[in-house]
Amino acid sequence: MSKKSRAIKKAVFVKSSPSLSECPDPNIPEYAFIGRSNVGKSSLLNMLTNNTKLAKISSKPGKTQLINHYLINDDWFLVDLPGYGYAKFSKTERHKWEKFTINYILKRSNLMCVFVLIDSRHKSQKIDQEFMQELGLNNIPFVMVFTKIDKLSSNEKGKFLKSYQKEMLKEWESMPKHFITSTVSKYGREELLQFVGDTNEFFEE
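Given the structure is predicted, the values throughout are model-derived calculations rather than measurements. (Residues numbered from 1 in each chain as written. Predicted model: local features only at pLDDT ≥ 70, side-chain atom pairs only at ≥ 80, totals over all residues. Heavy atoms only, no water.)

Trainee: Quick question: what am I supposed to make of the sheet that holds strand β2 (residues 30-35) here?
Mentor: Within the open sheet, the 7 strands sit side by side as β1-β3-β4-β2-β5-β6-β7. Their pairing is mixed. Looking at which strands have only one partner, the edges of the open sheet turn out to be β1 (11-17) and β7 (178-180). Each neighbouring strand pair of the sheet contributes to a mean axis angle of 25°, computed without reference to strand direction. Two strands pair when backbone bridges link them, and strand β5 (residues 111-119) and strand β6 (residues 142-147) are joined in this way by 6 bridges, in the parallel orientation. Of the residues in β6, the one forming a bridge with leucine 117 is valine 145. With respect to the sheet, helix α3 (residues 126-137) is in contact with β2, β5 and β6, its orientation differing from that of β5 by roughly 165°. Sheet strands touched by helix α6 (residues 189-200): β2, β4 (76-80), β5, β6 and β7. Its angle to β5, the strand with the most contacts, is close to 160°. (Pairing = 2+ DSSP bridges. Helix = DSSP H or I, 4+ residues; strand = E, 2+ residues; numbered from the N terminus. Axes fitted to C-alpha atoms, helices over the stretch in contact; angles between N-to-C directions. Contact = heavy atoms within 4.5 Å.)

Trainee: Where do I start with the nonpolar core in this structure?
Mentor: Soluble globular proteins tend to pack their nonpolar side chains together in the buried interior. Residues Tyr104, Ile105, Val114, Val116 and Met144 are the most contacted members of the largest nonpolar core, which totals 30 residues. Within the residue set of this core, elements represented by two or more residues are β2, β4, α2 (91-107), β5, α3, β6 and α5 (160-168). Among the elements that make up this core, the one with the highest residue count is β5 (4 residues). Discounting residues that sit within four places of it in the chain, valine 116 has contacts with Ile34, Tyr84, Phe131, Met132, Leu135, Phe142, Val143, Met144 and Val145. The next biggest cluster of nonpolar side chains, apart from the first, holds 26 residues, and it includes Leu44, Tyr70, Leu192 and Leu193. (Core = buried A, V, L, I, M, F, W, Y, C linked by side-chain atoms within 4.5 Å. Buried < 20%, exposed > 50% of the residue type's maximum accessible area, 1.4 Å probe, protein only.)

Trainee: What is the right way to look at unusual backbone geometry in this model?
Mentor: Among all residues except glycine, the phi angle is most often negative; among peptide bonds, the trans geometry is most common. Not every positive phi belongs to a glycine, and asparagine 73 is a case in point at roughly 55°. You can see asparagine 73 is positioned in the loop between β3 (67-72) and β4. Overall, the relative accessible area of 14% leaves asparagine 73 in the buried class. Look at lysine 186: it is not a glycine, yet its phi comes out positive at around 65°. Within the secondary structure, lysine 186 sits in the loop between β7 and α6. Residue classification places lysine 186 among the partly exposed positions, given a relative accessible area of 41%.

Trainee: Would you take a moment to explain the pattern of salt bridges for this structure?
Mentor: Should their charged atoms come close, side chains of opposite charge can pair. Tallied over the entire structure, the rule returns 9 salt bridges. With its nearest N and O atoms 3.1 Å apart, the salt bridge here joins aspartate 128 to arginine 36. One end of the pair, aspartate 128, is in helix α3; the other, arginine 36, is in the loop between β2 and α1 (41-49), and 92 residues separate them in sequence. Note on arginine 36: relative accessible area 17%, which makes it buried. For glutamate 130, the salt bridge identified is with lysine 126, shortest N-O distance 3.8 Å. In this pair, glutamate 130 and lysine 126 both sit in helix α3, 4 residues apart, roughly one turn of the helix. In this structure glutamate 130 comes out as partly exposed when scored by relative accessible area, which is 39%. Looking at lysine 126, the relative accessible area reads 64%, which means it is exposed. (Salt bridge = Lys/Arg side-chain N within 4 Å of Asp/Glu carboxyl O.)

What follows is the structure in structure tokens.
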């Protein structure tokens, strides 16, 4: 496996799984993407892979309901997880998704990092904070990925990160590693892929 590859030359959908036990064999590094519903996850995945049809984009939140695996360059898995915080579905359905998602995050042996997507247009949300705190308490590596930066004014772009950092530092000793992205301009794409490529070097089968 060529772990040093950074550019995405090939992205293939592998399967959708309703549980951890049905996921592909954990023999290559894996990166999971998750966030509140309608955070722009599908658009970001398509931007990263340069494939506008890889992940289906929907105007309706709650589209992703399974663990979706994509094989990148035959080297690593990109995983699309169900969004959280969308109340339109029944509590039973939401509980089911949350249960298998948390089980996957806590027990997936080849999971290198969780990418927590956050809409840069909104102030710090309690549900995001609680999710990241759970990751931290369980020693699950994660990074923050701010989306939709192109929708902010020049003035807002200069202020949103400081405002978010202020909220984070109420609970965290330091601001977790973070990236700022735009699917329109592809801003942040190279930095994210560089991070994945660098992190792949630490994978041990």
